[in-house]
Amino acid sequence: MRAVVRSSRSGLKPVCPRENRYVTSAGDAEAVLVTGVYGAGKSTVVADIRKLLPDRGERYGLLDVDWLGWFDAGRDAASHRRVVMSNITTVCEAYLAEGVRRLALAWSVRDRSQLDEVRQAVSVPMRVVRLAVDAELMRRRLLADPTEERQEDDLKVGLEWL
């Protein structure tokens, strides 16, 4: 069931009238997307952001977008991309409905059209931070990863992107 949101004079909006929960307007929410090639340190930076926000009294939600795309439905790349974008929208909406105001996402965004899709999926103002690393540092980081797929596939793709 989707939450019903209506305006009120107090500036607070009911998220779920039956539970009588209120949050400030989603208009004050912001997101940051940390992007870069595989092995650039995106997930690490987002995890570090998590350490800073509670001290500032911020309500936050983190999202490593890679996790939302680990599936195989036997369809084409366009289908995969649609599902990932739908997943981003669903998670971000759930965070915002619960009062989160600062979103931090980590994902390798390849081109402008993909970035535009992410902006639309997130649906709040989003800054983009692109981490840059050289091929040698990327190679060292990925080869140290215990996941064999990262050592082979991500390294190959990352080198193509550089």
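How each quantity is defined
Residues numbered from 1 in each chain as written. Predicted model: local features only at pLDDT ≥ 70, side-chain atom pairs only at ≥ 80, totals over all residues. Heavy atoms only, no water. Axes fitted to C-alpha atoms, helices over the stretch in contact; angles between N-to-C directions. Helix = DSSP H or I, 4+ residues; strand = E, 2+ residues; numbered from the N terminus. Left-handed = near helix turned anticlockwise from the far one by under 90°. Contact = heavy atoms within 4.5 Å. Nonpolar A, V, L, I, M, F, W, Y, C, P; charged D, E, K, R; others polar. Salt bridge = Lys/Arg side-chain N within 4 Å of Asp/Glu carboxyl O. Buried < 20%, exposed > 50% of the residue type's maximum accessible area, 1.4 Å probe, protein only. Pairing = 2+ DSSP bridges. pLDDT = per-residue confidence, 0-100. Phe/Tyr/Trp six-rings, centres within 6.5 Å; stacked < 30°, edge-to-face > 60°.

This paragraph deals with the packing of helix α2 (residues 77-97) against helix α3 (residues 112-122). At a minimum axis separation of 8 Å, α2 and α3 run at an interaxial angle of 35 degrees. Both α2 and α3 take part in a crossing whose hand is right-handed. Contacts from Arg81, Met85, Ile88, Thr89 and Cys92 in α2 reach Ser113, Gln114, Glu117, Val118, Ala121 and Val122 in α3. For the contact of α2 with α3, the class distribution of residues is six nonpolar, three polar and two charged.

Moving on: the pattern of salt bridges. Applying the stated rule across the entire model yields eight salt bridges. Across the salt bridge formed by Arg102 and Glu58, the nearest N and O atoms sit 3.3 Å from each other. Of this pair, Arg102 sits in strand β5 (residues 102-106) while Glu58 sits in the loop between α1 (42-52) and β4 (60-64), and the two are 44 residues apart along the sequence. Between Glu117 and Arg81 there is a salt bridge; the shortest N-O distance is 2.6 Å. In this pair, Glu117 sits in helix α3 while Arg81 sits in helix α2, placing the two residues 36 residues apart along the sequence. A relative accessible area of 26% means that Arg81 is categorised as partly exposed. Each of Glu30, Arg56, Glu58 and Arg102 takes part in salt bridges that share partners, so that together they form one network.

Taken together, the four strands give an open sheet; going across it, the order is β4-β5-β3-β6, and neighbouring strands pair in parallel fashion. Of all the strands in the sheet, just β4 and β6 (126-131) have a single pairing partner and so form its edges. Pairs of neighbouring strands in the sheet enclose a mean axial angle of 15 degrees, with direction left out of account. Relative to the sheet, α1 contacts β3 (30-36), β4, β5 and β6, its axis offset from that of β3 by approximately 150 degrees. Where α3 meets the sheet, it contacts β3, β5 and β6, and its direction lies at approximately 140 degrees from that of β6.

Now for the confidence of the model for the protein. Averaged over every residue, the pLDDT of the protein is 80; the share at 70 or more is 73%. Per-element averaging of pLDDT across the protein places strand β1 (residues 12-16) at the bottom with 40 and β5 at the top with 97. Note on residues 1-24: pLDDT under 50 across the span, and 34 contacts to partners over four residues away in sequence or across chains.

Attention now goes to the packing of aromatic side chains. One pass over the full model with this rule turns up one aromatic pair. Relative to Trp70, the ring of Trp67 has its centre 4.5 Å away and its plane inclined at 40 degrees; by these criteria the two rings are tilted. When its relative accessible area of 58% is taken as the criterion, Trp70 is described as exposed.

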